[in-house]
Amino acid sequence: MNDEYYMEFALSLGKKIVGQTSPNPPVGAVVVNNGQIVGFGAHLKAGGPHAEVHALNMAGEKAKGSTVYVTLEPCSHHGRTPPCADLLINKEVSRVVIATTDPFEKVAGNGIKRLQEAGLEVEVGVLKEKADEVNEQFFHYIKTKKPYVTLKSATSLDGKIATASGESKWITSEEARLDAHKYRHSHDAILVGVNTVLKDDPSLTTRLPVEGKNPIRIILDTNLRTPLHAKVMTQNDANTWIVVGKSVRREEKEAYLNYNHVEIIQLTNETINISELLHVLAEKSIMSVFVEGGAEVNGSFLKVGAVNQVITYMAPKLIGGKNAPTAIGGAGIDSLEVALPLQIISIEKIGPDIKIISRVEDD
Ligand SMILES: Nc1c(/N=C/[C@@H](O)[C@H](O)[C@H](O)COP(=O)(O)O)[nH]c(=O)[nH]c1=O
């Protein structure tokens with residue numbers, strides 16, 4: 001076979017664990033010896049063994065003289081686990097094929113250098129584009145020290161998220177709504193505004209046919225209006241972080257602190273500053289946030305340009321009405337020249353609806 005054949009396998013392992021390794025990258029690795037796959041593995045959670053460790057353990061004696069395919073440059077620094085570059089050398093691996101290099105300053109190029117200095121054959125760049133996509137959350141987080149933000153909207157053909165009277169259930173189909181849960185699974189946090197909590201009382205949990213990880217639920221709630229009987233308060237199958245402004249007083253927060261799964265994050269301004277929020281979330285190792293609106297929250301993220309990916313679901317419905325809300329509220333951009341440089345990545349049918357994935361060109 002060829003290198004791409006085995007790297008596809010390693011990438012499929014990495015892709016399947018996106019969302020469960022934060023704040024580490026979702027890495028996959030495959031060990032091949034004499035044309036046989038003798039080991040494979042993925043980094044399953046931060047603090048746990050890296051993908052190469054699992055794969056080489058499975059390979060046992062067959063690691064010697066093997067070729068190891070890994071989706072990201074092996075680490076060469078002592079993190080919470082010993083460096084994988086040293087392990088590959090100690091196991092007498094002959095050749096290491098790497099899909100893409102790690103932008104993390106402690107690693108960038110050092111892993112490759114250490115392998116080459118030890119006499120291993122190293123090949124870099126096999127299926128690089130695909131690996132960069134699997135690592136998009138991690139790379140953005142490492143480069144910008146801010147979470148990767150996916151904005152989701154579900155609208156009618158004319159861009160409305162509800163009728164003028166506020167009716168919104170449901171605009172898009174069951175299939176489209178289920179598809180959106182994949183992003184709840186693959187992001188560390190889901191974020192909505194308190195108006196969505198007051199209007200829909202959402203659970204914001206991941207309800208896929210088979211399992212799925214619940215993201216941390218982040219509620220933007222400047223004046224702490226989230227009702228204590230809201231599902232995000234009474235259902236503790238996911239943590240809930242309520243973000244409030246400076247003027248919320250300590251005694252107002254008391255009642256919320258009785259809930260173990262609830263945390264209040266108080267920012268330093270009267271109103272919530274999205275840039276400050278993203279910095280605080282990154283400090284708390286949140287590598288990716290799935291913003292499910294509503295319109296005002298979406299507008300506040302757009303206003304500061306804090307959008308990396310947009311998932312748009314559009315239903316074949318026309319709602320109309322100048323007072324019916326559209327997907328992005330707020331003041332909007334003043335001129336087209338400051339519009340986000342989005343690129344449409346894919347358009348597909350989901351049931352009766354369409355799904356458009358668009359991303360901001362790499363920074
Ligand atoms: N109105 C619609 C949506 N609405 C999205 C949010 O406003 C809902 O409150 C949230 O998804 C509910 O979360 P849950 O309780 O965990 O199911 N989202 C969609 O994709 N299509 C819609 O037609």
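Up top you'll find the structure we're talking about.
My aim in this report is to walk through the structure given alongside it, one point at a time. Remember, predicted model here, so these are calculated numbers, not experimental data.

### Let's talk about the site of the ligand
Part 1: Neighbouring residues of the ligand: 16 residues in total, closest Ile 171, Thr 172, Arg 184, Asp 200 and Arg 207.
Part 2: Ile 171 has a polar backbone atom sitting 2.8 Å from an oxygen atom of the ligand.
Part 3: Between an oxygen atom of the ligand and a main-chain N or O atom of Ser 203, the distance comes to 2.9 Å.
Part 4: Here the ligand, which alone exposes 530 Å², has 88% of that area covered by the protein.

### A word on the nonpolar core
Part 1: Ranked by size, the top nonpolar core spans 27 residues in total, and within it Val 31, Leu 56, Leu 88, Val 93, Val 96 and Leu 115 carry the most contacts.
Part 2: Those elements that provide at least two residues to this core are strand S1 (28–33), helix H2 (51–59), strand S3 (67–70), helix H3 (84–90), strand S4 (95–98), helix H4 (110–117) and helix H6 (136–144).
Part 3: When residues no more than four places from it in sequence are discounted, the contact partners of Leu 115 are Pro 74, Ala 85, Leu 88, Ile 89, Val 96, Leu 120 and Val 122.
Part 4: Listed in part, the 25 residues of the second largest apolar core include Ala 180, Val 192, Ala 230 and Val 248.

### Brief notes about a nonpolar patch on the surface
Part 1: Residues Met 1, Tyr 5, Ile 37, Phe 40 and Met 58 make up a contiguous nonpolar surface patch of roughly 540 Å² in combined accessible area.
Part 2: Looking at the secondary structure, you find Ile 37 in strand S2 (residues 36–42).

### What to know about the side chain of Glu 276
Part 1: Locating Glu 276 in the fold gives a position in helix H11 (residues 274–283).
Part 2: The side chain of Glu 276 is buried and forms no salt bridge, while Lys 246, the nearest opposite charge, is found at 10.0 Å.
Part 3: Those residues in contact with Glu 276 that lie beyond four places of it in its chain are Leu 267, Thr 268 and Asn 269.

### Comments concerning the state of the cysteines
Part 1: On inspection of all chains with the given rule, the structure shows zero disulfides.
Part 2: Here Cys 75 stays free of any disulfide, with the sulfur of Cys 84 as its closest cysteine sulfur at 3.7 Å.

### Digging into the pairing of strand S9 (residues 240–244)
Part 1: The buried fraction of S9 amounts to five of the five residues, a majority that puts the element mostly inside the structure.
Part 2: Burial along S9 is two-sided: Thr 240, Ile 242 and Val 244 facing one way and Trp 241 and Val 243 facing the other are all buried.
Part 3: Two strands pair when backbone bridges link them, and strand S8 (residues 216–220) and S9 are joined in this way by four bridges, in the parallel orientation. Looking at the pairing, Ile 218 lines up with Trp 241 of S9.
Part 4: Across five bridges, S9 lies against strand S10 (residues 262–266) in parallel orientation. Its bridge partner lying in S10, Ile 242 is registered against Ile 264.

### Looking at the layout of surface pockets
Part 1: Considered as a void within the structure, the largest pocket measures approximately 1,400 Å³ in volume.
Part 2: If you trace the largest pocket, you find 50 residues lining it, with Thr 196, Asp 200, Glu 292, Gly 293 and Gly 294 closest to the centre.
Part 3: If you tally residues by element for the lining of the largest pocket, the top one is helix H7 (residues 174–186), at six residues.
Part 4: By residue class, the composition of the lining of the largest pocket is 19 nonpolar, 19 polar and twelve charged.
Part 5: Taken together, 26 residues line the second largest pocket, and the ones lying closest to its centre are Lys 15, Val 18, Glu 133, Tyr 183 and Ser 186.
Part 6: Residue assignment for the lining of the second largest pocket shows that the elements contributing at least two residues are helix H1 (3–16), helix H5 (128–134), H6, H7, strand S13 (342–350) and strand S14 (353–360).
Part 7: Taken together, the residues of the lining of the second largest pocket break down into seven nonpolar, seven polar and twelve charged.

### Side note on the pattern of salt bridges
Part 1: For the structure on display, the rule yields 21 salt bridges.
Part 2: The salt bridge involving Arg 114 is made with Asp 86; its shortest N-O contact spans 2.7 Å. Taken as a pair, Arg 114 in helix H4 and Asp 86 in helix H3 lie far apart in primary sequence, 28 residues in all.
Part 3: The exposure class of Asp 86 is partly exposed, given its relative accessible area of 23%.
Part 4: For the salt bridge of Arg 249 with Glu 251, the shortest nitrogen-to-oxygen distance reads 2.9 Å.
Part 5: With a relative accessible area of 47%, Arg 249 lands in the partly exposed category.
Part 6: For Glu 251, a relative accessible area of 46% gives the class partly exposed.

### With respect to H2
Part 1: Restricting attention to buried positions, one finds in H2 the residues Ala 51, Glu 52, Ala 55, Leu 56 and Ala 59. Looking down the long axis of H2, one finds its buried residues gathered within 115° of arc, a one-sided arrangement.
Part 2: On its buried face, H2 is in contact with S1, S2, S3 and H3.
Part 3: Directly beyond the C-terminal end of H2, a positive phi value near 55° is found at Gly 60.

### Let's talk about the sheet that holds S4
Part 1: Strand order in this open sheet of five strands is S2-S1-S3-S4-S5, and the pairing throughout is mixed. On the outer flanks of this sheet lie S2 and strand S5 (121–124), each paired with one strand and no other. Across the sheet, the mean angle from the axis of one strand to that of its neighbour is 15°, orientation sign disregarded.
Part 2: Across six bridges, the pairing between S1 and S2 is antiparallel. Within the sheet, the bridge partner assigned to Val 30 lies in S2 and is Phe 40.
Part 3: Lying over the sheet, H1 contacts S1, S2, S3, S4 and S5, oriented at roughly 145° with respect to S1.
Part 4: Where H2 meets the sheet, its contacts fall on S1, S2 and S3, and the angle it forms with S2 comes to roughly 145°.

Calculation rules
- Residues numbered from 1 in each chain as written.
- Predicted model: local features only at pLDDT ≥ 70, side-chain atom pairs only at ≥ 80, totals over all residues.
- Heavy atoms only, no water.
- Near = heavy atom within 4 Å.
- Polar contact = N/O pair within 3.5 Å; in protein donor to acceptor, adjacent residues only side chain to side chain.
- Areas by Shrake-Rupley, 256 points an atom, 1.4 Å probe, with all protein chains shown as cover.
- Core = buried A, V, L, I, M, F, W, Y, C linked by side-chain atoms within 4.5 Å.
- Buried < 20%, exposed > 50% of the residue type's maximum accessible area, 1.4 Å probe, protein only.
- Helix = DSSP H or I, 4+ residues; strand = E, 2+ residues; numbered from the N terminus.
- Contact = heavy atoms within 4.5 Å.
- Patch = residues over 30% accessible without salt bridge, like charges linked within 9 Å, V, L, I, M, F, W, Y side chains within 5 Å.
- Salt bridge = Lys/Arg side-chain N within 4 Å of Asp/Glu carboxyl O.
- Lys, Arg positive; Asp, Glu negative; His and termini not counted.
- Disulfide = S-S within 2.5 Å.
- Pairing = 2+ DSSP bridges.
- 1 Å grid on protein atoms, 1.4 Å probe; cavity = no way out; pocket = protein on both sides within 12 Å on 5 of 7 lines; lining within 4 Å.
- Points joined across faces, edges and corners; volume = space filled by probe spheres on them.
- Nonpolar A, V, L, I, M, F, W, Y, C, P; charged D, E, K, R; others polar.
- Arc of directions from axis to C-beta.
- Axes fitted to C-alpha atoms, helices over the stretch in contact; angles between N-to-C directions.

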